[in-house]
Amino acid sequence: MDAELLDTGCLSLLKKAGSVVVGLSGGRDSVALLHLLHGARLQVVVCHVHHGIRGADADADAAFCWMMADALGVDFVEKRVDVPRYAGERGLSLETAAREARYGAFRECAVACGTPYVALGHHRQDQAETVLFRLCRGSGGHLGMKPIACREDGLVLVRPLLDIPREQLTDYLEGKGIPWREDASNGEADVVRNRLRLQVIPLLEDIMGRDVVPVINRSARIAEEASAALAAAVAALEVEDPQGRLYLPKVAAYPVELQKVIVHRYLKRQGVRNVSEEVVLAVVSIIRPGSPARLSLPGGRFARRREKRLFLE
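The shown structure was predicted, so the numbers you read here are calculated from the model rather than taken from an experiment.

What counts, and where the lines are drawn
- Residues numbered from 1 in each chain as written.
- Predicted model: local features only at pLDDT ≥ 70, side-chain atom pairs only at ≥ 80, totals over all residues.
- Heavy atoms only, no water.
- Buried < 20%, exposed > 50% of the residue type's maximum accessible area, 1.4 Å probe, protein only.
- Helix = DSSP H or I, 4+ residues; strand = E, 2+ residues; numbered from the N terminus.
- Arc of directions from axis to C-beta.
- Contact = heavy atoms within 4.5 Å.
- Polar contact = N/O pair within 3.5 Å; in protein donor to acceptor, adjacent residues only side chain to side chain.
- Pairing = 2+ DSSP bridges.
- Axes fitted to C-alpha atoms, helices over the stretch in contact; angles between N-to-C directions.
- Left-handed = near helix turned anticlockwise from the far one by under 90°.
- Core = buried A, V, L, I, M, F, W, Y, C linked by side-chain atoms within 4.5 Å.
- Right-handed = clockwise from strand over helix to strand, strands pointing away.

> Any chance you could explain helix α1 (residues 8-17) here in plain terms?
One full turn of an α-helix is made of 3.6 residues, so residues set three or four places apart face in the same direction. Those residues of α1 not exposed but buried are C10, L11 and L14. End-on, the buried residues of α1 take up no more than an arc of 95°, which puts them together on one face. Every exposed residue of α1 that faces more than 90 degrees away from the buried side is listed here: T8, K15 and K16. In this structure, the buried side of α1 is in contact with β1 (19-23), α2 (28-39), β4 (117-119), β5 (148-150) and β6 (156-158). Measuring from the side-chain oxygen of the N-cap residue of α1 to the backbone nitrogen of G9 gives 3.0 Å; that N-cap residue is D7. Count one or two residues on from α1 and you reach G18, which has phi positive near 95°.

See below:
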């Protein structure tokens, strides 16, 4: 059955949700996702984001997505964003700006549709690229994307195809005679993720003499499970007082490695963004008597030590 391609946990969640926004670019992965979710009798709303950077090709993508939604009889929303302008205003690369603007557009669409759920067509190869990308940047260790991820802005990203190989999606579409559009920029080795896909992963497979994608993804899954277990253990330590402040004598009783985990979790739960290792180490230093009792954090906030407690202001 076609539904077997969908992650059971994601499918169960979406069936209970009642409706879901599907991010449709017109490419193979999102087209397959749309047809699979529609075939599973879910109420879907198609959202296509026009990034304003590929001229006539982008216009053709939008028209294709509208026609596909119309053929399936589902609602269609097109969001237009000026990615070059967005990138210039925030000093971002086009790739990063496009991603941020895209998720912003998805959120607007989801809010208008009365649902927090947005389904995306990321698959097994995308997961491997993400793991390598984060590993090389030093962000998130070698953790990958989650099938279900809750963002700070309230959006819930659902990735039902995360463990499905790209080739299997191609077979599904070809078997059904379903068309899709190819983004020519995906074949250009001038963007980091494209180079990982086109150059790095094939080179690793040549060196190792095997398909490395499942191995990379399995490593990420094991790391994610370990991270979840550690988070659960830290939550059970009860290092916060009733007012939600860290009680420092308890924190200081643990090894510094665990102190870092406790502080990282606390900062994230307090809504601090861009929590780097440097920030965590700076906050950990407050635990020691004689150290500065106040330091600045990203976003204009401060961590303060007072009466053996740590809190944010």
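> I keep staring at the sheet that holds strand β3 (residues 75-80) and nothing clicks. Help me out?
Two modes of strand pairing occur in sheets, parallel and antiparallel, and in both the strands are linked by backbone hydrogen bonds. With respect to topology, six strands assemble into an open sheet ordered β3-β2-β1-β4-β6-β5, the strand pairing being mixed. Of all the strands in the sheet, just β3 and β5 have a single pairing partner and so form its edges. Across this sheet, the average inter-strand angle for adjacent strands is 25°, counted without regard to direction. Examined bridge by bridge, β5 and β6 share three bridges and lie antiparallel to one another. In the strand pairing of β6, I148 is matched with V158. The strands touched by α2 within the sheet are β1, β2 (43-50) and β4, with β1 carrying the most contacts at an inclination of about 160°. Relative to the sheet, helix α5 (residues 94-113) contacts β1, β2, β3, β4 and β6, its axis offset from that of β2 by approximately 145°.

> Please clarify how the packing of helix α6 (residues 124-137) against helix α9 (residues 213-235) should be interpreted in this entry.
Their axes nearest at 9 Å, the elements α6 and α9 cross at an angle of 65°. Helix-helix and strand crossings are classified by hand; for α6 and α9 the assignment is left-handed. Contacts between α6 and α9 involve R124, Q125, Q127, A128, V131 and L132 from the former and V213, P214, I216, N217 and A220 from the latter.

> In this structure, what is going on with the nonpolar core? I would like to understand it.
Considering soluble globular proteins, one finds that nonpolar side chains tend to be buried as a cluster. Ranked by size, the top nonpolar core spans 33 residues in total, and within it L6, V22, L37 and V44 carry the most contacts. Counting only elements with at least two residues in this core, the list comes to α1, β1, α2, β2, α3 (55-72), β4, β6 and α7 (166-176). It is α2 that contributes the most residues to this core, six residues altogether. When near neighbours in sequence (up to four residues on either side) are disregarded, L37 contacts L6, L14, V22, L42, V44 and A119.

> How should the sheet that holds strand β10 (residues 309-312) be read in this particular structure?
Strand order in the open sheet formed by four strands is β7-β10-β9-β8, with antiparallel pairing between adjacent strands. For this open sheet the edge positions go to β7 (246-247) and β8 (294-297), each flanked by a neighbour on one side alone. The sheet contact formed by β7 and β10 spans two bridges and is antiparallel. Of the residues in β10, the one forming a bridge with Y247 is R309. This element, helix α11 (residues 256-269), spans β7, β8 and β10 of the sheet and lies at about 35° to β10. Against the sheet, helix α12 (residues 277-285) makes contact with β8, β9 (301-306) and β10, and its axis sits at roughly 165° relative to β8, the strand it touches most.

> What exactly am I supposed to notice about the environment of P214 here?
Its place among the elements puts P214 in helix α9. Between the C-alpha atom of P214 and that of Q127, which follows or precedes it by 87 residues, the distance is 9.5 Å.

> How should I be thinking about the side chain of N217 in this particular structure?
Within the secondary structure, N217 sits in helix α9. Discounting chain neighbours no more than four positions away, the residues touching N217 are R124, Q127 and A128.

> Where do I start with the pairing of β1 in this structure?
On any regular strand, side chains alternate: one points to one face of the sheet, the next to the other face. By the criterion of burial, β1 is predominantly enclosed, with five of the five residues buried. Pairing geometry for β1 and β2, over five bridges, is parallel. Bridge assignment links V20 to a residue of β2, and that residue is V44. Handedness of the crossover joining β1 and β2 through α2 is recorded here as right-handed. Direction of pairing for β1 relative to β4: parallel, over a ladder of two bridges. Paired with V22 across the two strands is A119, which belongs to β4.

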